[in-house]
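Letter by letter, the chains look like this.
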Amino acid sequence: MSEVKIAGRYRLEGRLGFGGMSTVHLALDLRLERQVAVKLLAEHLADDPTFVSRFQREAQAAARLVHPNIVQIFDSGLDGPTGRHFIVMEYIEGSSCAEILRDDGWVEVEEAVSIIEQACEGLDYAHRHGVVHRDVKPGNLLRAREGEVKLADFGIAKATEQSSITQVGSVLGTAAYLAPEQARGEEAGPRADLYALGVVTYQLISGRLPYEATSLTELALKQQREEPPTLDTLVAAVGPELADAVAIALALDPRDRYQTAREMGRAIDDGARGIPPGEPPTARGGGEETHTAATSLLAIEPRSSERRAGASSVDAVTPRRPRPGPPRHQAPIVAAAAPSSRRGRRRGRLLPAILVLLSIAVVSVAVIIATAPAPTKVMIRKVVSSNVQQMAVELKQLVSENTK
């Protein structure tokens with residue numbers, strides 16, 4: 001095979017992956033003598049002038065995103081001899097999260113939290129600079145061998161959304177990771193990225209998607225009618241605090257999700273350490289709007305896996321059986337400003353049990369005082385705890401001390 005060069009500078013050395021929109025090649029930058037990843041856009045995209053002009057603007061915007069957790073774009077343009085539009089980006093030697101899920105099925109909680117925290121940092125930086133990803137999914141989260149995680153494929157989704165390549169009312173993206181408002185064909189804002197990252201978090205930890213459906217129709221109906229099983233019911237190593245933190249990212253109403261990606265990253269980290277998330281601030285009257293119209297069925301272009309460079313990925317990773325995992329270690333109790341609504345309901349159900357235990361303790365102490373020969377020393381101390389099990393233990397100890 002003859003040697004192929006792009007822009008007279010990048011020598012293609014092997015294909016890393018491909019999809020419906022592009023093909024990604026490992027290449028050598030002959031000028032700087034370093035390995036790079038070159039994405040060649042599909043030839044049919046060059047026939048759409050709207051896409052070409054918008055792609056150029058989006059590529060320039062993405063190239064300005066310089067952050068440790070974002071794949072850096074070095075160059076882009078049109079190669080004259082081949083007639084192909086290209087993007088040159090840093091080459092990440094490692095695996096995408098889609099490949100990790102394909103090979104391992106899931107990852108341990110600590111590893112998943114590290115991946116998502118880094119992804120949140122990259123998203124937060126992009127959002128603060130006015131760039132929304134719109135296609136967050138496992139294949140676009142690349143993990144280097146050293147453990148560094150980078151977000152890839154900024155800009156292309158938005159460029160395609162506004163072109164005539166997609167039919168009127170359709171959206172671009174992988175169905176399982178689309179936020180409800182995005183699936184309705186509405187403008188996807190930063191919180192649509194947070195929803196998608198919430199789906200990725202759920203899948204990395206449990207090995208399954210929040211909603212498992214056989215069609216877009218079924219998926220849309222499930223999103224509107226039911227809540228997915230919480231992570232603490234699927235994985236023994238996950239506590240309710242982490243489950244609640246992920247559930248907030250998956251809220252159907254974008255206003256009920258986190259306000260920023262950084263806030264989400266901190267909440268996920270806190271949840272893994274047993275700290276319950278506070279109630280997310282709700283910006284009523286601003287930001288993305290919520291709609292009550294029925295979810296429309298939208299055509300989504302299928303794409304296959306593209307590896308190790310800012311490329312489209314595995315659309316739907318076949319989930320494996322969720323593993324029980326080792327029991328989680330009991331984290332120290334830390335007070336939160338305001339519990340989530342689900343935890344509030346859980347505590348509400350436990351309140352009668354607390355009152356029963358307290359009543360038993362009071363009656364026991366009263367009986368001891370009434371029947372014990374004088375003089376009797378009664379031990380009294382304040383028992384306060386935000387944890388039911390801890391309160392029960394202390395009440396039992398108090399009764400025991402008074403019956404000696």
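All of these numbers come straight from a predicted model, not from anything done at the bench. (Residues numbered from 1 in each chain as written. Predicted model: local features only at pLDDT ≥ 70, side-chain atom pairs only at ≥ 80, totals over all residues. Heavy atoms only, no water.)

1. Regarding the overall build of the chain
Our working definition: For helices the rule is a DSSP run of H or I covering at least 4 residues; for strands it is a run of E covering at least 2, with both sets numbered from the N terminus onward. Burial classes follow relative accessibility: with a 1.4 Å probe on protein chains only, a residue under 20% of its type's maximum area counts as buried, one over 50% as exposed, and anything between as partly exposed. We call two residues in contact when some of their heavy atoms are within 4.5 Å. Note on areas: these come from Shrake-Rupley sampling with a 1.4 Å probe, and a residue is covered only by the protein chains present in the view.
Counting its regular elements, the chain contains eleven helices and nine strands. Counting all 404 residues of the chain, 50% fall into the buried class. Residue pairs at least 24 apart in sequence account for 69% of intrachain contacts in the chain once pairs closer than 6 positions are excluded. Only carbon and sulfur atoms are counted for the fraction: they give 54% of the accessible area of the chain, which is about 19,300 Å².

2. Here we look at the nonpolar core
How we decide: Here, nonpolar core refers to any group of buried Ala, Val, Leu, Ile, Met, Phe, Trp, Tyr and Cys residues whose side-chain atoms link them within 4.5 Å.
Grouped together as the largest cluster of nonpolar side chains are 78 residues, with contacts concentrated most on Ile 116, Leu 141, Phe 154, Leu 197, Leu 204 and Met 264. If we ignore the near neighbours within four places in the chain, the residues touching Leu 204 are Cys 97, Leu 101, Trp 106, Val 107, Ala 112, Ile 115 and Ile 116. Ranked by size, the runner-up nonpolar core spans nine residues in total, among them Ile 6, Tyr 10, Leu 12 and Val 38.

3. A look at the packing of helix α6 (residues 190-206) against helix α8 (residues 240-249)
Put simply, the rule reads: The axes used here are C-alpha line fits, helices contributing only the stretch in contact, and every angle between their N-to-C directions lies in the interval 0 to 180 degrees. Residue classes follow a fixed rule: Ala, Val, Leu, Ile, Met, Phe, Trp, Tyr, Cys and Pro count as nonpolar, while Asp, Glu, Lys and Arg count as charged, and any other residue, Gly among them, counts as polar.
Interaxial distance between α6 and α8 falls to 7 Å at its minimum, and their mutual angle equals 145 degrees. For the pair α6 and α8, contact is made by Leu 194, Tyr 195, Gly 198, Thr 201, Tyr 202 and Ile 205 and by Leu 242, Val 246 and Ala 249, respectively. When the residues that make up the contact of α6 with α8 are grouped by side-chain class, the tally is seven nonpolar, two polar and no charged.

4. Let's talk about the packing of helix α3 (residues 109-128) against α6
Let me state the cut-off plainly: In these notes the angle categories are as follows: under 35 degrees is roughly parallel, over 145 is roughly antiparallel, 65 to 115 is roughly perpendicular, and the rest is oblique. By definition, any crossing whose near helix is turned counterclockwise from its far helix by less than a right angle is left-handed, and any crossing with a clockwise turn is right-handed.
Two elements in contact, α3 and α6, have axes whose closest approach is 10 Å; the angle formed by their N-to-C orientations is 170 degrees. If you check the angle between α3 and α6, you find them roughly antiparallel. Both α3 and α6 take part in a crossing whose hand is right-handed. Residue-level contacts link Val 109, Ala 112, Ile 115, Ile 116, Ala 119, Cys 120, Leu 123 and His 127 of α3 to Pro 190, Asp 193, Leu 194, Leu 197, Val 200, Thr 201, Leu 204 and Ile 205 of α6. Of the residues that constitute the contact of α3 with α6, the class distribution is 13 nonpolar, two polar and one charged.

5. Notes on the side chain of Asn 69
This is how it is decided: A 3.5 Å cut-off defines polar contacts: any pair of N or O atoms within that distance qualifies, except that in protein one atom must be a possible hydrogen donor and the other a possible acceptor, and neighbouring residues in sequence count only when both atoms are side-chain atoms.
Positionally, Asn 69 belongs in the loop between α1 (49-63) and β5 (73-79). Within the local environment of Asn 69, its side chain forms a polar contact with the side chain of Gln 118, the two groups lying 3.4 Å apart. Ignoring sequence-local partners within four residues, the contact set of Asn 69 consists of Gln 118, Glu 121, Gly 122, Glu 148, Val 149, Lys 150 and Leu 151.

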